[in-house]
Amino acid sequence: MGKLTVGALRAVLVVVLAGTVFVQAGMVWALATKPDDGTLPLTPLRVITILGMVSAQVALVCVWRLVTMVRRGTVFSHAAFRYVDGIIGAIVTASLVWFAVTAINAPGQRDDPGVTVIMGGVGVAILGVALIVLVLRMLLAQAVARDVEAAQMQAELDEVI
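What you see is a predicted model, and the numbers here were worked out from it, not measured in a lab. (Residues numbered from 1 in each chain as written. Predicted model: local features only at pLDDT ≥ 70, side-chain atom pairs only at ≥ 80, totals over all residues. Heavy atoms only, no water.)

> Is there a simple way to think about the packing of aromatic side chains in this case?
Between two aromatic rings, the relevant description is the distance of the centres plus the angle of the planes. According to the stated counting rule, one finds 0 aromatic pairs in the structure shown. One Lys or Arg, Arg-10, reaches over the ring of Trp-64 and ends 4.8 Å from the middle of that ring. (Phe/Tyr/Trp six-rings, centres within 6.5 Å; stacked < 30°, edge-to-face > 60°. Lys NZ or Arg CZ within 6 Å of the ring centre and 35° of its normal.)

> Even after reading the chapter, I still don't get a nonpolar patch on the surface, so can you show me in this structure?
Nonpolar side chains collect at one region of the surface, where Ile-132, Val-135, Leu-136 and Leu-139 lie side by side and expose about 370 Å² of accessible area between them. As for its position among the elements, Leu-139 is in helix α4 (residues 114–160). (Patch = residues over 30% accessible without salt bridge, like charges linked within 9 Å, V, L, I, M, F, W, Y side chains within 5 Å. Areas by Shrake-Rupley, 256 points an atom, 1.4 Å probe, with all protein chains shown as cover. Salt bridge = Lys/Arg side-chain N within 4 Å of Asp/Glu carboxyl O. Helix = DSSP H or I, 4+ residues; strand = E, 2+ residues; numbered from the N terminus.)

> How should the layout of surface pockets be read in this particular structure?
Any space left empty among the atoms is revealed by the rolling of a water-sized probe across them. Within this model, the largest pocket holds a volume of roughly 280 Å³. Considering the residues around the largest pocket, the lining is formed by 14 residues, among which Leu-66, Val-70, Val-75, Val-84 and Leu-140 are closest to the centre. Secondary structure elements with two or more residues in the lining of the largest pocket: α2 (42–72), α3 (79–105) and α4. Of the residues that constitute the lining of the largest pocket, the class distribution is 13 nonpolar, no polar and 1 charged. (1 Å grid on protein atoms, 1.4 Å probe; cavity = no way out; pocket = protein on both sides within 12 Å on 5 of 7 lines; lining within 4 Å. Points joined across faces, edges and corners; volume = space filled by probe spheres on them. Nonpolar A, V, L, I, M, F, W, Y, C, P; charged D, E, K, R; others polar.)

> I tried to follow the pattern of salt bridges on my own but got confused; where do I start?
It is possible for side chains of opposite charge to pair when their charged atoms get near one another. Under the definition given, this model contains 1 salt bridge. With its nearest N and O atoms 2.5 Å apart, the salt bridge here joins Asp-85 to Arg-137. Taken together, the positions of Asp-85 in helix α3 and Arg-137 in helix α4 put the pair 52 residues apart, joining distant regions of the chain. When its relative accessible area of 35% is taken as the criterion, Asp-85 is described as partly exposed. (Buried < 20%, exposed > 50% of the residue type's maximum accessible area, 1.4 Å probe, protein only.)

Rendered as structure tokens:
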């Protein structure tokens, strides 16, 4: 992975992380200073937004760590699994947060239930992303196993020579 690619990815990660912190700060401030006006259940939506930003931040940190491992050439190790698992957990959490938003929003969509159906579909799509990352985790497991096997074969070959 080239330095330019790593630098660009890290710049994007920093911008997104800063954005999530900004949104969280805004939601905490709104929770503390602005009461619900009765039109929407704003307090639950604000809390859900804060939780959603936490899940995004967890995923961002895990991606940062994985990029560091790729740059160092250590990504094909068992240490990478905890970060991939963190990403999967963050994505599943994000889908659950999205389903909560959908449930809170649903009563207001009685005249147009299609919006709720679309929002539910988005939640299922988010879960689909978690499944894709799970498949990629399985590929990583295969690569780690092959790397260990190759190291053992190299050690045996070194003994013979």
